[in-house]
Every structure is written in structure tokens, then in C-alpha cells.
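Report on the structure
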Amino acid sequence: MDSQTGRYSRQMLFKPIGPEGQTEIGKKHVLIVGVGALGTHTSELLARAGVRKLTLIDRDYVDKSNLQRQHLFTEKDAEEQWPKAEAAKERLKSINSRVEVEAIVGQADAALLDGLMEEVDLLVDGTDNFETRFLMNDLAQKYKVPYLFGSCVGSFGMAFTIIPGVTPCLQCLIKRLPIQGQTCDTVGIIAPAVQMVTAHQGAEALKILSGNMKAVRKTYVSFDLWENEYLSLKAGALKDSGCLSCGDSPEYPFLQSGREMKVAVLCGRDTVQVRPAESGILPLEQLVSQWRSAGLEVGGNPFLISVVKDGTKAVFFKDGRALIHGTKDMNEARKIYHSLVG
Ligand SMILES: [Zn+2]
């Protein structure tokens, strides 16, 4: 037994996986969108399990309020405002150096994701918003790649495995089931709710990656760890042949992206993200010298630049996005963005 098979020996002793399943896992590339609570857990699990490659996408950087539930991150990451995807990559490489890890600091929009899907074997949900989930749902259908939906808030969580051509998709599911609209901003979140969702996502990932498709869960799962509730609902009948994402004549509505500036309130933070219509257009170096000559406080690291104006902190990324802190008001954030960028 060489060092690598020794490394995965307990996973290979598990009969449904075995040496053959382990070889399959070692060939696979998983795309994880969102590297917060869900994404840090599933990425760690899959790095330890020995996948070939992980691609991680996240638009945010580490904040100290993340440390309570987001594995992989340290106080140093928060102090240095390291982008989540890069901080996670560094940590994952120290956990399993054989796994190739690609970190993308950016907005998971249609253009970015579409360019990655051709070589991906599995799509894992680590996001905190349904706009991105519907986009992932359409991409999963278009490229026939399994998609592991997961979501949690408070002590509540849900998980569902979407296999294109077999199961209903997220659109089919959401049309028929009441999905909670709360965000972690308003009700908070406890870490075990995250782990319960990622336990489901992780198990499904191992089944799919090792080629055990018959074992894949066919039910939608939801639970509340505080209220001691667990629901496992047969979902097959929810598949809608007229669905625009997975039906007989799909149009993939979420892949028809708009080109206007997009503004979104970030989960769990007093923060609004402003994203210009064209990415990568900000002359950051020029702006930095303008801000400095105007006497503003400017800081940052190789991935981002922060600036404070009139007591409001804004963080600019290379792709043109900005996070405006200390507000949940989207119009106010837009104004601050324009006052800094002109
Ligand atoms: Zn559908």
C-alpha cells in the first residue's frame, strides 16, 4: 500500500467506494460556488476525500463574524481581509497538497460560470442567494452536470440532489414547496445547521464522484435542529415537463443575463455589493492616487483595495466590484460608489 492509498484507506475500506470508487474520485473536478459556511465545509471534505481538482469561487473577503461557522478561516485571514477563495485555497493545499485548487475571486455570474462548466463533474452550492442558485440550476441542466443544492439559516437547513434528466430541478421544487425567505442577516445561524446540510451534500458528492449513482438520494430533505424536526420528502413527482430550466423545451432563463449595474445586499453583513455592467473596467491604480491626493485613508492587499470616505468604508476588487460597508440601503451604496469612482 503506497502513501496515497494509505491516506484514503478508511474511505476505500468502505465497501460501496472501495479502490475502484477511490480511483474515480481521484479523477474528478468539483466546482464549489460560494466559499462561506457551506463551501468551506464541503471543500475541506472533498479535499480530504481526494478529488483531482476543486474550483472555488467567492466574491467576498474574510470577516471576523465568519469565524464562528466558516471552517478553514483564521483570525489572521480576517485581520488581513484575505479573499475567501484565496484563504480557503491556501488552507486546503496544506490539508491535501495533491489536490489541485483553483481560486477565483469574483462574482459567480453567467459569463464566468458558463466558461468553467465544460470540464466540471459536479456543481456544489455554497451560495447565500437564490439568484446564483437559479443560475447554477440552469447551468447544471445545460451541461448535464449534477448539482447539489443546499441552504441553511438559523437552525433550519435543506438539501436536494439534482441529477439532470432524472430528478426535478430547483425551479420545479421551488414552485411546489414553501421555501423560507429569511436570510442570516435577520435570524442568525448556528454552525450545526451548516454541518447538517454539508453532511448531506458531502455524502451525495461521494456517491456521485465514486460512481454510485443508484445510492443517490431521491428525496428533498429539510430539518430544524432546534425544533427537532426532520423531513424527507419524495420529490420525483414534482418534475414539471413544462419547466423552462429542465422541461421538454428548456430556455435556461437565468443564463440570459442583463447588462445593467447590479446591486445586492450581502448576507450577514451591513454591506451592499455594487457591480458595474462591464467587469474589470476600473482603473484602480489611478483611483488610488486620486483618493490619496484627496486625503482619504487607503489600504489593502494584493487582491483588493479599501478606502474610507466620510466614515464609510468601501472595498474594491480587481474585477470592478465594490463592497460598501455600514449600509443595507442599495441606493445609498450606489451613491457612495459613484462618489468614489466618479
Ligand atoms: Zn425543472
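Please read all numbers here as calculations on a predicted model, not as lab measurements.

The rules behind each value
- Residues numbered from 1 in each chain as written.
- Predicted model: local features only at pLDDT ≥ 70, side-chain atom pairs only at ≥ 80, totals over all residues.
- Heavy atoms only, no water.
- Helix = DSSP H or I, 4+ residues; strand = E, 2+ residues; numbered from the N terminus.
- Contact = heavy atoms within 4.5 Å.
- Pairing = 2+ DSSP bridges.
- Axes fitted to C-alpha atoms, helices over the stretch in contact; angles between N-to-C directions.
- Salt bridge = Lys/Arg side-chain N within 4 Å of Asp/Glu carboxyl O.
- Buried < 20%, exposed > 50% of the residue type's maximum accessible area, 1.4 Å probe, protein only.
- Donors = N, O, S within 2.8 Å, 3.2 Å for Na, K, Ca; no water.
- Tetrahedral: all angles 85-135°; square planar, octahedral: opposite > 155°, others 65-115°.

With that settled, consider the side chain of T167. Relative to the helices and strands, T167 resides in the loop between β6 (156-162) and α9 (170-176). Filtering out sequence-adjacent residues up to four positions away, T167 remains in contact with F160, T161, I162 and K239.

This paragraph deals with the sheet that holds strand β7 (residues 219-224). Pairing between sheet strands relies on hydrogen bonds along the backbone, with the strands arranged either parallel or antiparallel. With mixed pairing, 8 strands are arranged side by side in an open sheet as β3-β2-β1-β4-β5-β6-β7-β8. Of all strands in the sheet, those with a lone pairing partner are β3 (100-105) and β8 (229-234), marking the two edges. Strand after strand, the sheet turns through a mean of 15 degrees between neighbouring axes, direction not considered. In this fold helix α8 (residues 130-143) packs onto β1 (29-33), β4 (122-125), β5 (147-153) and β6, with an angle of close to 165 degrees to the strand it touches most, β5. On top of the sheet, helix α11 (residues 191-209) reaches β1, β4, β5, β6, β7 and β8; it is set at about 175 degrees to β5, its chief contact.

The tally for this structure, following the rule as stated, stands at 14 salt bridges. In this structure, K207 and E204 form a salt bridge, with 2.6 Å as the shortest nitrogen-oxygen distance. Placement of the pair is K207 and E204 together in helix α11, with a separation of 3 residues, close to one helical turn. Assessed through its relative accessible area of 22%, K207 is described here as partly exposed. With a shortest N-O distance of 3.7 Å, K328 and D270 are connected by a salt bridge. One end of the pair, K328, is in the loop between β14 (322-325) and α13 (330-341); the other, D270, is in the loop between β9 (262-265) and β10 (271-275), and 58 residues separate them in sequence. Connected through shared salt-bridge partners, K53, E100, E102 and E119 make up one network.

Surrounding the zinc ion are the protein donor atoms C169 (SG), C172 (SG), C243 (SG) and C246 (SG), at 2.2 to 2.3 Å. Classification of the site at the zinc ion rests on its 4 donor atoms, whose angles at the metal span 98 to 122 degrees, yielding the label tetrahedral. Mapping the donors of the zinc ion onto the primary sequence yields the spacing C-x2-C-x70-C-x2-C. Here C246 lies in the loop between β8 and β9 and C172 lies in helix α9, a separation of 74 residues in the sequence. One exposure class covers both C172 and C246, and it is buried.

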